[in-house]
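What follows is the residue order along each chain.
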Amino acid sequence: MRDGLLDPRAVLLHESAPDRTAAIRRCGRALVEVGAVDESYVEAMLERERSISTYVGEGVAIPHGTNASKEAVKRDAICVVRFPGGVDWDGEQVTLCVGIAAKDDGHVPLLAALAEILLDPGRARTLREATEVSQVMKELT
């Protein structure tokens, strides 16, 4: 994956959320906090989720904004937010959210790279069970 996409400050491994809306908001805040997106992008992530679930399987969701929210993206970035207690995601249990912010069509190669990692059971497990930021950085950079 491209250098600079994942700021270590956007790796949050001990979060909790009462529901998927709160979980998505936490992902969005992580992207705002590292300067990747404007505040409005968080609402766009929720709007995307209302139109189609970002759950991808194996306890992982990949929340991202709508096409209309591209102007809220300052730079391509991802965040990794782990919810060890799990979050109900419309009947599925999510323990790992990988939030994406991408300008233009930057999300396409990002999603492809993430899919490659998450389809590898060992690497996906490492991310789901990570307790150290360095473990996540090693897998994703």
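It should be noted that the structure appears before, not after, this text.
The shown structure was predicted, so the numbers you read here are calculated from the model rather than taken from an experiment.

*Asks:* Can you help me understand the overall build of the protein in this one?
*Replies:* From N to C terminus, the protein includes 5 helices and 5 strands. Since a compact globule built from 141 residues should have a radius of gyration of about 14 Å, the 13 Å found for the protein is in line with a globular shape. With the C-alpha coordinates of the protein rotated into their principal frame, the extents come out at 35 × 35 × 25 Å. The burial tally for the protein puts 50% of its 141 residues in the buried class. By sequence separation, contacts in the protein at least 24 residues apart represent 65% of the contacts at least 6 residues apart. With the model as given, the accessible surface of the protein reaches about 6,700 Å², and the carbon-plus-sulfur share is 49%.

*Asks:* Looking at this structure, how should I read the pairing of strand β4 (residues 77-89)?
*Replies:* Looking down a regular strand, the side chains alternate between one sheet face and the other. For β4, a buried count of 10 out of 13 residues is recorded, marking the element as mostly surrounded by other parts of the structure. Where strand β1 (residues 6-12) and β4 come together, 3 bridges link them in parallel fashion. The partner of V11 across the bridge, within β4, is V80. Counting the residues that bridge the hairpin from β4 to strand β5 (residues 92-101) gives 2 residues, and of these D90 lies at a positive phi of roughly 55°.

*Asks:* It is not clear to me how helix α1 (residues 20-33) should be interpreted in this structure. Could you clarify?
*Replies:* One turn of the α-helix equals 3.6 residues, which is why residues spaced by three or four share an orientation. The end-to-end C-alpha distance of α1, which contains 14 residues, comes to 20 Å, matching closely the 20 Å that a straight helix rising 1.5 Å per residue would cover. Every buried residue of α1 is listed here: A23, I24, C27, G28, A30, L31 and V32. Of the surrounding secondary structure, the elements contacted by the buried residues of α1 are β1, α2 (40-51), β4 and β5. The positive-phi residue at the C-terminal boundary of α1 is G35, with phi of around 75°.

*Asks:* How should unusual backbone geometry be read in this particular structure?
*Replies:* The phi angle of most residues is negative, glycine excepted, and most peptide bonds adopt the trans form. One non-glycine residue, E58, lies in the positive phi region at around 55°. Turning to its location among the elements, E58 is positioned in the loop between β2 (55-57) and β3 (60-61). Take E58: its relative accessible area is 57%, and that puts it in the exposed class. Positive phi, normally seen in glycine, also occurs at D90, with a value near 55°.

*Asks:* Would you mind showing me how to read the pattern of salt bridges here?
*Replies:* When charged atoms on two side chains of opposite charge get close, those side chains can pair. This model, assessed by the stated rule, comprises 9 salt bridges. For E15, the salt bridge identified is with R26, shortest N-O distance 3.0 Å. Separated by 11 residues along the polypeptide, E15 in the loop between β1 and α1 and R26 in helix α1 bring together distant segments of the chain. You can call R26 partly exposed: its relative accessible area is 22%. Salt-bridge contacts for R29 lead to E33; the nearest nitrogen and oxygen are separated by 3.9 Å. Placement of the pair is R29 and E33 together in helix α1, with a separation of 4 residues, close to one helical turn. Bridged by salt links that share partners, the residues E15, R26, R29, E33 and E39 form one connected network.

Here is what the cut-offs are and how they apply
Residues numbered from 1 in each chain as written. Predicted model: local features only at pLDDT ≥ 70, side-chain atom pairs only at ≥ 80, totals over all residues. Heavy atoms only, no water. Helix = DSSP H or I, 4+ residues; strand = E, 2+ residues; numbered from the N terminus. Rg over C-alpha atoms; globule rule 2.2 N^0.38 Å. Buried < 20%, exposed > 50% of the residue type's maximum accessible area, 1.4 Å probe, protein only. Contact = heavy atoms within 4.5 Å. Areas by Shrake-Rupley, 256 points an atom, 1.4 Å probe, with all protein chains shown as cover. Pairing = 2+ DSSP bridges. Expected span 1.5 Å × (residues − 1). Salt bridge = Lys/Arg side-chain N within 4 Å of Asp/Glu carboxyl O.

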